[in-house]
Amino acid sequence: MKHRVLPGLSLSLGITLFYVCLIVVLPLGALIFKAASLGSEDYWRIVSSGRAVASYRVTVLAALAATAFNLVFGMALAWVLVRYEFPGRRLLDAIVDLPFALPTAVAGIALTALFAPNGWFGSLLGEIGITVAYTQIGIMVAMAFTSLPFIVRTVQPVLEDLDPALEEAAQSLGGSDRAIFRKVILPLLTPALLAGVSLSFARCLGEFGAIIFIAGNQPMETEITALLIFIRLEEYDYQAAAAIASVLLIAAFLMLAVTNFLQARALRYTVRVA
Amino acid sequence: MKRLLLIGVALATLLAGPASAQSPDKLLNASYDVARELFVQVNAAFTAGHPGVTIDQSHAGTSKQARAIVEGLEADVVTFNQVTDIDFLVKNGFVSEDWQSDFPNASSPFYSLPSFLVRAGNPKGIKDWGDLVRDDVKVIFPNPKTSGNARYTYLAATAYAREAFANDEAKVKEFVTRLFDNVPVFDTGGRAATTTFVERGIGDVLITFESETTGIRKEFGEDKFESIVPSVSLLAEFPVAIVDKVVDKRGSRELAKNYLDFLYTPEGQKILAENGNRVNDPAVAAGFKDRFPEVRLVKVEDVFGGWPTVQKEHFASGALLDQIYGER
């Protein structure tokens, strides 16, 4: 039998399950329980009210835009970090994690200061007629900032492990740069990209601290779902808060499930190709 | 598995800790967002007379504080800016029902009112509530849904409009809707709104407690901003209460009572007044007469029929405030 460094299955699985129950399942269960104490009619009325729906729209659209931005920019960043050697590369590599380490409220305040009409970026953008702070663009900027590391960090290791022989082979067979990227590199990166995208999107849905400072928080226009949950709590309306929160939870869960499914398919594809 | 469970239970008991072991020479005062500086001074003065005593402070929106206490924050006393939030504690059995008779003035050691702060020279010529609905004026105040401060602003504007339009509800609603249309950003708390107005340079007028406008001028320069006190405003009482459930558990009732009593002493009232709050002690109030311009104050009880009614008719989900948001 293979030697195992950590203690046996029953103990390690026990610890793991205990931990997962305590930290993940229990709080989420309490949330669902709270929401379930509403009748289905009340539940539906709360989660489909005009203001709630407007907040989903604002949140999801901004999250999609931020994730799309991160997909392009994050991949480019990972590419640069892996494929090139340049002064300051390690520093750049470390900076990527900053949005993770930074309290999001600090990020929100810093971004707002930058993008406010009298801030550095804000005053420049204002001259060409773009307002970022207190609009939906501001929400997108905050989301993009806090979720950027997800894409970079999921793509980076895969890029590092990519066998250069594959690209060389494609090149020697006369493939153009574009064709090599599209037909050789991209399929291999797809599972990592999908994982990064789903994590990034889920994080955008739940982000609160960074956004409320820059969003403007106008009901129906720039009010994110997380703030609406917060507002329902301020009204001592726990059930409504739980109901709206359950919508976010379900959305995040579906998102992760779909990407897991897509990832599994993509992996099967790459295994077959390899 | 069994052993593991035991270890887990043991750990949990350890973490929960013996709460009663704390000595009652410490108090936690849970207070509202913009009262930080005020209570730093109050606490320093109080502890000077009570050596060995420490007062810890906790500040956030009062509704959030009330919720935190119900969920386990062990605050011995609360110094809030809204009666509704103490009523929430009453409803959950944390504060006795007759708390308003525990201390003078219905347990409000000081009061304030929603007041205006404009930029130096008052470039938009803002004098009163009526100016705030003009098309060229941008108004900053926080979200009434998350801030007691802003709830007073909303009610004060409504009270003004009711007088101006002789209780024509349709016109009142239109006035308040136009006021809300002029707000470019709803921050979640009073301090965040201050930052938006003062540091980001957004808006022509900030509406917040008079005490905060005084504080801003002290902090950022008297020549940068002007205080404007409107013709009529709403009496904003700042209620205090002992959290019975916590003091009984910790044995800190006497200290808590001393602490809140201190707010009513001439020394306490003087600190409150120095920080821009209006006080009831006649001798102290006389000394600060020139700092607090005359203003006609209306009471929630007189105009809106008391806090429970206000809550139901204005702030509950789907009530008037939501309708005004919806009409934007």
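Residues numbered from 1 in each chain as written. Chains lettered and ligands numbered in written order. Predicted model: local features only at pLDDT ≥ 70, side-chain atom pairs only at ≥ 80, totals over all residues. Heavy atoms only, no water.

## Observations concerning the overall build of chain A
At step 1: The number of helices and strands found in chain A is 13 helices and 0 strands.
At step 2: Counting helices and strands in the order they occur from the N terminus, chain A gives α-α-α-α-α-α-α-α-α-α-α-α-α.
At step 3: Dimensions of chain A, computed from the C-alpha atoms along their principal axes, are close to 65 × 65 × 30 Å.
At step 4: Across the 274 residues that make up chain A, the buried fraction comes to 40%.
At step 5: When contacts within chain A are restricted to residue pairs at least 6 apart in sequence, long-range pairs at least 24 apart make up 75% of them.
At step 6: Looking at chain A as shown, the accessible area adds up to about 15,100 Å², and 71% of this sits on carbon and sulfur atoms.
At step 7: In chain A, 18 side chains carry a positive charge and 18 a negative one; their mean positions are 9 Å apart. (Helix = DSSP H or I, 4+ residues; strand = E, 2+ residues; numbered from the N terminus. Buried < 20%, exposed > 50% of the residue type's maximum accessible area, 1.4 Å probe, protein only. Contact = heavy atoms within 4.5 Å. Areas by Shrake-Rupley, 256 points an atom, 1.4 Å probe, with all protein chains shown as cover. Lys, Arg positive; Asp, Glu negative; His and termini not counted. Charge placed at Lys NZ, Arg CZ, Asp CG, Glu CD.)

## Let's talk about the sheet that holds strand 8 (residues 225-228) of chain B
Residues and elements named next belong to chain B.
At step 1: Spatial ordering of the open sheet is given by 6-7-5-8, a layout of 4 strands whose pairing is mixed. Since the sheet does not close on itself, it has two edges, and those belong to strand 6 (139-140) and strand 8, each with one partner.
At step 2: Bridging between strand 5 (residues 114-119) and strand 7 (residues 205-209) involves 5 bridges; their strand directions are antiparallel. Residue pairing for strand 7: Val118 is matched across the bridge by Val205.
At step 3: Helix 6 (residues 148-164) rests against strand 5 and strand 7 of the sheet, and its axis sits at about 110° to strand 7. (Pairing = 2+ DSSP bridges. Axes fitted to C-alpha atoms, helices over the stretch in contact; angles between N-to-C directions.)

## Some details on the packing of aromatic side chains
At step 1: Inspection of every chain in the model, using the stated rule, returns 25 aromatic pairs over all chains.
At step 2: Look at Tyr154 of chain B and Phe180 of chain B: their rings are 6.1 Å apart centre to centre, the planes differ by 85°, and that puts the pair in the edge-to-face class. Highlighted residues: Tyr154 of chain B in helix 6 and Phe180 of chain B in helix 7 (residues 169-181), separated in sequence by 26 residues. No difference in accessibility class separates Tyr154 of chain B from Phe180 of chain B, as the two residues are buried.
At step 3: An aromatic cluster is present here, built from Tyr32, Phe110, Tyr152, Phe209, Phe238 and Trp307 of chain B joined pairwise through their rings.
At step 4: It is Arg83 of chain A that lies over the ring of Trp79 of chain A; its NZ or CZ is 4.5 Å from the centre.
At step 5: Here Lys245 of chain B stacks its cationic end above the ring of Phe94 of chain B, 4.4 Å away from the centre of that ring. (Phe/Tyr/Trp six-rings, centres within 6.5 Å; stacked < 30°, edge-to-face > 60°. Lys NZ or Arg CZ within 6 Å of the ring centre and 35° of its normal.)

## Side note on the side chain of Asp244 of chain B
Residue and element names in this part refer to chain B.
At step 1: Checked against the element boundaries, Asp244 lands in helix 10 (residues 244-250).
At step 2: According to the relative accessible area criterion, Asp244 is buried, its value standing at 13%.
At step 3: Beyond its immediate chain neighbours, meaning those up to four positions away, Asp244 contacts Phe94, Val95, Ser96 and Arg253.

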